[in-house]
Amino acid sequence: GSRSLSYNRSGTNLPTLSLTDAFEKLFVQEDATSRAQHRYLMSRKKSLLDSLREQMKDLTNRFGHRDQTRLNEYLEAIRELEKDVAREEAWIDRPKPNIAEEDKPNTYYDLMYLALQTDSTRVITWYNNIGYSHDDTHHFGKAPRLTNLERRDLRHMEMMSEFLQRLKSTEDFGSNLLDHTMVMFGSSLNNGDGFANGRGSHYGDCLATILCGGRGLGIDSGQHLKFDGEDRPPMSNVFLTMLHKMGGSDKAFGRSTGVIKELASG
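Since this is a predicted model, take the numbers as computed values, not measurements.

Colleague: Just checking my understanding: could you explain the environment of Leu 243 for this structure?
Modeller: Tracing the sequence through the fold places Leu 243 in helix H7 (residues 235–245). Its relative accessible area of 26% is what places Leu 243 among the partly exposed residues. Along the backbone, Leu 243 and Phe 253 are 10 residues apart, and their C-alpha atoms lie at a distance of 9.0 Å.

Colleague: In this structure, what is going on with the packing of aromatic side chains? I would like to understand it.
Modeller: Centre distance and the angle of the planes are the two values used to describe a pair of aromatic rings. Counting across every chain of the model gives five aromatic pairs. On the basis of an interplanar angle of 90° and a centroid distance of 5.2 Å, the ring pair of Tyr 109 and Trp 126 is categorised as edge-to-face. With Tyr 109 in helix H4 (residues 108–117) and Trp 126 in the loop between H4 and helix H5 (134–137), the pair connects residues that are 17 residues apart, well separated along the chain. Judged by centre distance (5.9 Å) and plane angle (75°), the ring pair of Phe 239 and Phe 253 falls under edge-to-face. A residue pair is termed long-range when its members are at least 10 positions apart, and Phe 239 in helix H7 and Phe 253 in the segment after H7 qualify at 14 residues. Overall, Phe 239 belongs to the partly exposed group, its relative accessible area being 34%. The ring of Tyr 113 carries Arg 166 above its face, with NZ or CZ at 4.1 Å from the centroid.

Colleague: When you look at the environment of Tyr 132 in this model, what are you seeing that I'm missing?
Modeller: Within the fold, Tyr 132 resides in the loop between H4 and H5. Relative accessible area serves as the criterion here: at 27%, Tyr 132 is assigned to the partly exposed category. Considered as a pair, Tyr 132 and Asp 153 are 21 residues apart in the sequence and their alpha carbons are 8.9 Å apart. Sequence-distant contacts of Tyr 132, that is, excluding residues within four places in its chain, are made with Thr 137, Leu 149, Arg 152, Asp 153 and His 156. Side chain to side chain, Tyr 132 and Asp 153 meet in a polar contact 2.5 Å long.

Colleague: I would appreciate a short explanation of the pattern of salt bridges in the present structure.
Modeller: Proximity of charged atoms lets side chains of opposite charge pair with each other. Inspection of every chain in the model, using the stated rule, returns three salt bridges. Notably, a salt bridge pairs Asp 110 with Arg 166, separated by 2.7 Å at the nearest N-O pair. In this pair, Asp 110 is assigned in helix H4 and Arg 166 in helix H6 (residues 143–168), connecting sequence segments 56 residues apart. Here Arg 155 makes a salt bridge to Glu 158, at a shortest N to O gap of 3.5 Å. With a gap of three residues between them, Arg 155 and Glu 158 both fall in helix H6, about one helical turn apart. For Arg 155, a relative accessible area of 41% puts it in the partly exposed group.

So, how was this worked out
Residues numbered from 1 in each chain as written. Predicted model: local features only at pLDDT ≥ 70, side-chain atom pairs only at ≥ 80, totals over all residues. Heavy atoms only, no water. Helix = DSSP H or I, 4+ residues; strand = E, 2+ residues; numbered from the N terminus. Buried < 20%, exposed > 50% of the residue type's maximum accessible area, 1.4 Å probe, protein only. Phe/Tyr/Trp six-rings, centres within 6.5 Å; stacked < 30°, edge-to-face > 60°. Lys NZ or Arg CZ within 6 Å of the ring centre and 35° of its normal. Contact = heavy atoms within 4.5 Å. Polar contact = N/O pair within 3.5 Å; in protein donor to acceptor, adjacent residues only side chain to side chain. Salt bridge = Lys/Arg side-chain N within 4 Å of Asp/Glu carboxyl O.

Scope: geometric values only; no functional claims are made or implied.
The following block contains the structure:
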């Protein structure tokens, strides 16, 4: 689908890549003609962005405070696009890893594994709703829906387990790739914990989340943490913890109140 888990600093949802497009971007080396065409398209985008930025300068002194705020948001979006163009230009001539025919991916997990193994990217987000139906996820405690949901959940957990095992079996800087990778697996649904009907809700509390790997980055894995009460930390604290373990220095992320100390082994 087109839903994305990635946003820019302005809160704009970033576009997704199809499985084919992602593979071609990561592993298929363009010929000289294709690279020249790509550069031409990039130059057109840069020219358009330059024009937009000049127009915004002319408007800066004409707006009141409220409109000025919206204008600043628009300018920030233009700056983000400029960064995207610069990154895409740098990607044109980057040598792509050679992937054997038998290793070419048929699934999203295969592609994610190859991308991490070859260090073609450092961050991947995947919105996975394959095989689920709205009736099953909002089950209202009905047995047939719960049975269907359990079967699909089990299959997704099996695929996730296989992915983690592949990372763990891949040598990486004296350890394994899983130790140098943080893998978060979660959902936008809780199971109605605390609700009388246990209906399966998009309620943002008590969301079961798995964080795997990352020992080489200082993540203390292999434990079950449960936070109860009104002072339980927001999910953004987990993201802030992960960000710090990746070398980020941001003091906050979203509504975060700090890092999850129980996750940080060092």
